[in-house]
There are 2 protein chains.
Amino acid sequence: MRDAGAEHREAFPRTPQYDAANRMHGTAFPASLKAGGAHPPRPPCLTCLTCLTCSTATQPSLLSGPRRTVSARFAHATMATTKKARTHPPYELLYWPEIPGRGEFIRLAFEAAGVSYTDVCNEKKDGINEVLAIKDDKLTVDKDGNPPVFAPPALRVPGESKDGKSLVLYQTPSILAYLGDRLGLAGEDEIEKHWILSHTLTALDLNNEAHDTHHPIAVTKYYEEQKDEALKKAQDFRENRIPKFFGYFERLLQGNEPAGKGKHLVGGKLSYADTTLWHILNGLKFAFPKELEAREKDFPLLFETFYPSVQEHSGLKEYLASSRRKPFSMGIFRHYPELDRH
Amino acid sequence: MRDAGAEHREAFPRTPQYDAANRMHGTAFPASLKAGGAHPPRPPCLTCLTCLTCSTATQPSLLSGPRRTVSARFAHATMATTKKARTHPPYELLYWPEIPGRGEFIRLAFEAAGVSYTDVCNEKKDGINEVLAIKDDKLTVDKDGNPPVFAPPALRVPGESKDGKSLVLYQTPSILAYLGDRLGLAGEDEIEKHWILSHTLTALDLNNEAHDTHHPIAVTKYYEEQKDEALKKAQDFRENRIPKFFGYFERLLQGNEPAGKGKHLVGGKLSYADTTLWHILNGLKFAFPKELEAREKDFPLLFETFYPSVQEHSGLKEYLASSRRKPFSMGIFRHYPELDRH
């Protein structure tokens, strides 16, 4: 998990180069952050959205754009409030609004399992304040006895801590391990459970390396301030790291083919390792389209069986087609053509 | 988990600059890698030791230096073969020889728990071949049904898979989560267990960021080839990342003070989150001595209570004083004075 460092909450000036880069690269900047001259300073790495940290007090309009309420969400949502879902506690995802980011790994687990959850920042008008509260630099322990969160995403589970208090967990792999058991996405036994966690960690390493292609020096600096280094980092990532990771996951699928039929990394059913890897492949297709197009044929199980199978999975398919799925923009996966294969 | 990429097993030329840098910086190069003109090509990042991957066939002398056998180890070991230890399966750590690296997090868990294990590469003459076998680029599934390992460390547990076969796990946090339950280092209940995993993941993020200060562009390149970028990365690491992480861990200790007395991140007893964080602090003291000296006073619980308490813990204290504890050298934590505070 990376973040931009709360010590860098100071406003970062909006530069002409930054705006030009946005236009030139055709990246989708979150609509709620685009409106007019009252635009808050943009953070160097939107994945962390640290500008929101300092702008909420003075820029309430930032958070009052068109935002779904829970009921509105469920009016168009395709996730049924099934009996299964109703037996779960009221899970709450605490993550920045409007971007997939690292919150997406948690969302996909819920959506694949068909279990209801509240995406606090995307569903509650003042949800951002709840995210800020759990990572406040002064927090040592919250009223329910939870430790502070280093960086979002976090999962809050009302009623699941001691004496009926809320439990708060953070770190994507830890949240997935907790939810995996409860959502039926953690394998059939203890062994599969640990392999699923291991492969998820490897996929998340790939995720971090993808992030670092545009921020190799400092998350607190703009991409444009480290572009020379980014060009070098991206070249290594494309030429060495992508084939290494893809080759590894291809081999996992081959080894698990008797049970998984190329559709699952571990065992014979969907796990959070599958959803996690799928999202990263999806992000890489967005960020490095030429590189991926050139590579995919070398990993047929990964791209011809696994990838389409996961995105057709019940629950995921409907989510991915919905407006709840946020487009990639200026987060972990960014499309800078100069970082892609030429 | 990072590695240097098996696709880069080709020999890397030993440059005069590299040798000069080793001498100048006074870093302890593993003795077994130093001997004479038959020195194998050195890898860009020794943490990954990929040169061993290609050199074992042609450089057997590399692996035949003074190496403890299991019995020799226990002759001087301070870890008693207690009744507790004897009830455990014969755990095997599969990691590169001669460096702490990421294997150290696993070693510390065993040592703190007083539970016996075999450090395969450091105890068996041909142990390196066992590490190479589990991460072989052609492996899809091993004879016991285990998936390949992306990169060491791995844990092999004979008899613990189906039908009495060996279980193989990889990824440091996943291994620690598995062992934590079994070694009594994973907290008192399900909630503490997840917090311990979360904090461990955060500490390991700090570990990775420390590594990236000397390899910001590519693990397959020498430090000297990315020194300009390393200087920038290290500055950001020292000025922004170190205080952010230290501040977070200080707050965790404060919040847990009623139970942990400043000695433990979670609850009232040692966990693998404590041992993991301790090793990283120890590594940072080696790599950035001036920076740490200047910072420590700002984090009194972390450096005046937690740090000395963990290293005095029974089992750890004896291990740290023994020859089994490898010195830092050219792995994750490296002392390059130019990357430290000036």
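Note that the structure is predicted; figures quoted are calculated from it, not measured.

## Overview of the overall build of chain A
Right, on to step 1. Scanning chain A from N- to C-terminus turns up 15 helices and four strands.
Right, on to step 2. Counting across all 342 residues of chain A, residues that qualify as buried make up 65%.
Right, on to step 3. In chain A, of all internal contacts separated by at least 6 residues, the share reaching a separation of at least 24 is 72%.
Right, on to step 4. Accessible surface computed for chain A: about 11900 Å², of which carbon and sulfur atoms make up 53%.

## A word on the sheet that holds strand E3 (residues 154–157) of chain B
Residues and elements named next belong to chain B.
Right, on to step 1. Across the sheet, four strands lie side by side as E2-E1-E3-E4; this open sheet has mixed pairing. The outermost strands of the open sheet, each flanked by one partner alone, are strand E2 (118–119) and strand E4 (167–170).
Right, on to step 2. Taken together, the two bridges between strand E1 (residues 92–94) and E2 define a ladder with parallel strand orientation. Counterpart to Leu93 in the pairing with E2 is Asp119.

## A look at the interface of chain B and chain A
Interface size is commonly expressed as the accessible surface area that is lost when the partners come together.
Right, on to step 1. Listed as interface residues are 65 residues of chain B and, on the opposing side, 65 residues of chain A.
Right, on to step 2. Together, the buried faces of chain B and chain A total about 5400 Å²; carbon and sulfur atoms form 52% of this surface.
Right, on to step 3. Summed over the three residues of chain B that lose the most area to chain A, namely Phe150, Trp195 and Arg251 of chain B, the buried surface amounts to 13% of that side.
Right, on to step 4. The tally of links from chain B across to chain A stands at eight salt bridges.
Right, on to step 5. Residues Arg251 of chain A and Asp137 of chain B are paired through a salt bridge, measuring 3.9 Å at the closest nitrogen-oxygen approach.

## Looking at the relation of the copies chain B and chain A
Right, on to step 1. Rotating chain B by 180 degrees about the axis while translating it 0.0 Å along that axis superimposes it on chain A, leaving an RMSD of 0.0 Å. Interpreted geometrically, this transformation is the action of a two-fold axis. Among all residues of chain B, the minimum C-alpha distance to the rotation axis is found for Pro216 of chain B, at 3.1 Å.

## Comments concerning the sheet that holds strand E4 (residues 167–170) of chain A
Right, on to step 1. The strand order E2-E1-E3-E4 (chain A) describes an open sheet built from four strands, whose pairing is mixed. Each end of this open sheet is capped by a strand with a single partner; those strands are strand E2 (118–119) and E4 of chain A.

## Quick word on the pairing of strand E3 (residues 154–157) of chain A
All names here are of chain A.
Right, on to step 1. Side chains of E3 alternate between two faces, with Ala154 and Arg156 and Leu155 and Val157 buried alike.
Right, on to step 2. As paired strands, strand E1 (residues 92–94) and E3 are joined by three bridges and run antiparallel to one another. Note on E3: the bridge partner recorded for Leu94 is Ala154.

## Structural notes on the side chain of Gln226 of chain B
All names here are of chain B.
Right, on to step 1. As for its placement among the helices and strands, Gln226 is situated in the loop between helix H9 (190–212) and helix H10 (227–255).
Right, on to step 2. Here Ile217 takes part through its backbone nitrogen, which lies 2.8 Å from a polar atom of the side chain of Gln226.
Right, on to step 3. With sequence-adjacent residues up to four places away left out, Gln226 is seen in contact with His214, His215, Pro216, Ile217, Ala218 and Lys221.

## Examining the packing of helix H9 (residues 190–212) of chain A against helix H12 (residues 272–287) of chain A
All names here are of chain A.
Right, on to step 1. It is at 8 Å that the axes of H9 and H12 come closest, and there the two elements cross at 15 degrees. Taken together, the axes of H9 and H12 are roughly parallel relative to one another. By crossing handedness, the relation of H9 to H12 is classed as left-handed. Residues Lys193, Ile196, Leu197, His199, Thr200, Ala203, Leu204, Leu206, Asn207 and Ala210 of H9 lie in contact with H12, whose contacting residues are Tyr272, Ala273, Thr276, Leu277, Ile280 and Leu284.
Right, on to step 2. Class assignment for the residues of the contact of H9 with H12 results in 11 nonpolar, four polar and one charged.

## Overview of the UniProt feature "domain: GST N-terminal" (unreviewed entry) in chain A
Right, on to step 1. Per the UniProt entry, the sites bearing "domain: GST N-terminal" (unreviewed entry) are residues 90–187 of chain A in this numbering.
Right, on to step 2. End C-alpha to end C-alpha, residues 90–187 of chain A measures 23 Å, and it is 36% helix and 13% strand.

## What about the side chain of Asn207 of chain A?
Right, on to step 1. In this fold, Asn207 of chain A is placed in helix H9.
Right, on to step 2. Filtering out sequence-adjacent residues up to four positions away, Asn207 of chain A remains in contact with Arg102, Phe105, Ile280, Ile332 and Phe333 of chain A.

## Brief notes about the pattern of salt bridges
Residue and element names in this part refer to chain A.
Right, on to step 1. Evaluation of the coordinates by the stated rule reveals 40 salt bridges over all chains.
Right, on to step 2. Across the pair Lys193 and Asp181 runs a salt bridge, and its minimum N-O distance is 3.5 Å. Residue Lys193 is found in helix H9, and its partner Asp181 is found in helix H8 (residues 172–183); the two are separated by 12 residues along the sequence.
Right, on to step 3. Overall, Asp181 belongs to the partly exposed group, its relative accessible area being 38%.

## Describing the packing of aromatic side chains
Right, on to step 1. Overall, the coordinates contain 28 aromatic pairs over all chains when judged by the stated rule.
Right, on to step 2. Relative to Phe245 of chain B, the ring of Phe150 of chain A lies with its centre 4.6 Å away and its plane at 25 degrees, an arrangement referred to as stacked. Of the two residues, Phe150 of chain A sits in the loop between helix H7 (127–134) and E3 while Phe245 of chain B sits in helix H10, which places them in two different chains.
Right, on to step 3. Between Phe328 of chain B and Phe333 of chain B, the aromatic rings sit 5.6 Å apart at their centres with planes inclined by 75 degrees, giving edge-to-face as the arrangement.
Right, on to step 4. Of the residues examined, Phe328 of chain B reaches a relative accessible area of 11% and is grouped as buried.

## Some points on the environment of Thr140 of chain B
Right, on to step 1. Structurally, Thr140 of chain B is set in the loop between helix H7 (127–134) and E3.
Right, on to step 2. Other than its neighbours up to four places away in sequence, Thr140 of chain B contacts Arg251, Gln254 and Gly255 of chain A together with Pro147 and Pro148 of chain B.

## Some points on the environment of Lys135 of chain B
Residue and element names in this part refer to chain B.
Right, on to step 1. Position of Lys135 among the secondary structure elements: in the loop between H7 and E3.
Right, on to step 2. For Lys135, a relative accessible area of 4% puts it in the buried group.
Right, on to step 3. Sequence separation between Lys135 and Phe150 is 15 residues, and the spatial gap between their C-alpha atoms is 6.1 Å.

## Some details on the confidence of the model for chain A
Residues and elements named next belong to chain A.
Right, on to step 1. Here chain A shows a mean pLDDT of 82. Residues at 70 or above account for 75%.
Right, on to step 2. Predicted confidence is poor over residues 1–42, with pLDDT under 50, and the contacts of this stretch with residues over four places away or in other chains come to 102 contacts.
Right, on to step 3. Note that pLDDT drops below 50 for residues 49–83; the model gives that stretch 78 contacts with residues more than four away or on any other chain.
Right, on to step 4. At the level of chain-chain contacts, confidence expressed as ipTM amounts to 0.83, with global pTM at 0.83.

## Description of H10 of chain B
Right, on to step 1. Taking 1.5 Å per residue as the helical rise, H10 of chain B with its 29 residues ought to reach 42 Å, and the 39 Å between its terminal C-alpha atoms agrees with that figure.
Right, on to step 2. Residue Phe237 of chain B marks the point of greatest curvature in H10 of chain B, where the axis turns by about 40 degrees.

## Comments concerning helix H5 (residues 103–113) of chain B
Since the α-helix packs 3.6 residues into each turn, any two residues three or four apart lie on the same face.
All names here are of chain B.
Right, on to step 1. Extensive coverage of H5 is indicated by the burial of 11 of its 11 residues.
Right, on to step 2. Of the residues making up H5, those classed as buried are Gly103, Glu104, Phe105, Ile106, Arg107, Leu108, Ala109, Phe110, Glu111, Ala112 and Ala113.
Right, on to step 3. Backbone geometry just downstream of H5 places Gly114 in the positive-phi region, at approximately 70 degrees.

The rules we used
- Position numbers for residues start from 1 in each chain and track the written sequence from start to end.
- Starting at A for chains and at 1 for ligands, labels are handed out in the order in which the entities are written.
- Note on the predicted model: pLDDT of at least 70 is required for a residue's local features to be given, and 80 or more for side-chain atom pairs to be given and counted; whole-chain, interface and lining totals, by contrast, use all residues.
- Excluding hydrogens and water, the side-chain values take into account all heavy atoms of the structure.
- Numbered from the N terminus, helices here are DSSP runs of H or I no shorter than four residues, and strands are runs of E no shorter than two.
- A simple rule labels every residue: compare its accessible area, found with a 1.4 Å probe on the protein chains alone, to the largest value its type can have, and call it buried under 20%, exposed over 50%, or partly exposed in between.
- Note on contacts: a residue pair is in contact if any heavy atoms of the two residues lie within 4.5 Å.
- Residue burial considers only the protein chains on display, and all accessible areas are found by Shrake-Rupley using a 1.4 Å probe.
- The rule for pairing is simple: two strands pair if DSSP sees at least two bridges between them.
- Here the buried area means the combined drop in accessible surface, using a 1.4 Å probe, for two parts upon being joined, counting both sides.
- Between Lys or Arg on one side and Asp or Glu on the other, a salt bridge is scored when a side-chain nitrogen of the former is within 4 Å of a carboxyl oxygen of the latter.
- Residues below a pLDDT of 70 in either copy are left out; the C-alpha atoms of the rest, at least 70 in both, set the least-squares superposition of the copies.
- Pairing of N or O atoms within 3.5 Å defines a polar contact, subject to two protein rules: one partner must be a possible hydrogen donor and the other a possible acceptor, and residues neighboring in sequence count only if both atoms are side-chain atoms.
- Axis lines are fitted through C-alpha atoms, for helices just across the contact stretch, and the angle between N-to-C directions can take any value from 0 to 180 degrees.
- Just so you know how the angles are binned, under 35 degrees is roughly parallel, over 145 roughly antiparallel, 65 to 115 roughly perpendicular, and the rest oblique.
- Helix crossings fall into two classes, left-handed where the near helix is turned counterclockwise from the far one by less than a right angle and right-handed where it is turned clockwise.
- By the convention adopted, Pro, Cys, Tyr, Trp, Phe, Met, Ile, Leu, Val and Ala count as nonpolar, Lys, Arg, Asp and Glu as charged, and the other residues, Gly among them, as polar.
- UniProt positions are given in the numbering used here, feature names are shortened, and annotations may be inferred rather than shown by experiment.
- In summary, the pairing rule links any two rings of Phe, Tyr or Trp, Trp by its six-membered ring, whose centres are within 6.5 Å, and it sorts them by plane angle into stacked for under 30 degrees, edge-to-face for over 60 and tilted for everything else.
- How sure the predictor is of each residue is captured by pLDDT, a score from 0 to 100.
- To estimate how far a helix should reach, multiply one less than its number of residues by 1.5 Å.
- Bend is computed residue by residue as the angle between axes fitted to the seven residues ending at the residue and the seven residues starting at it.

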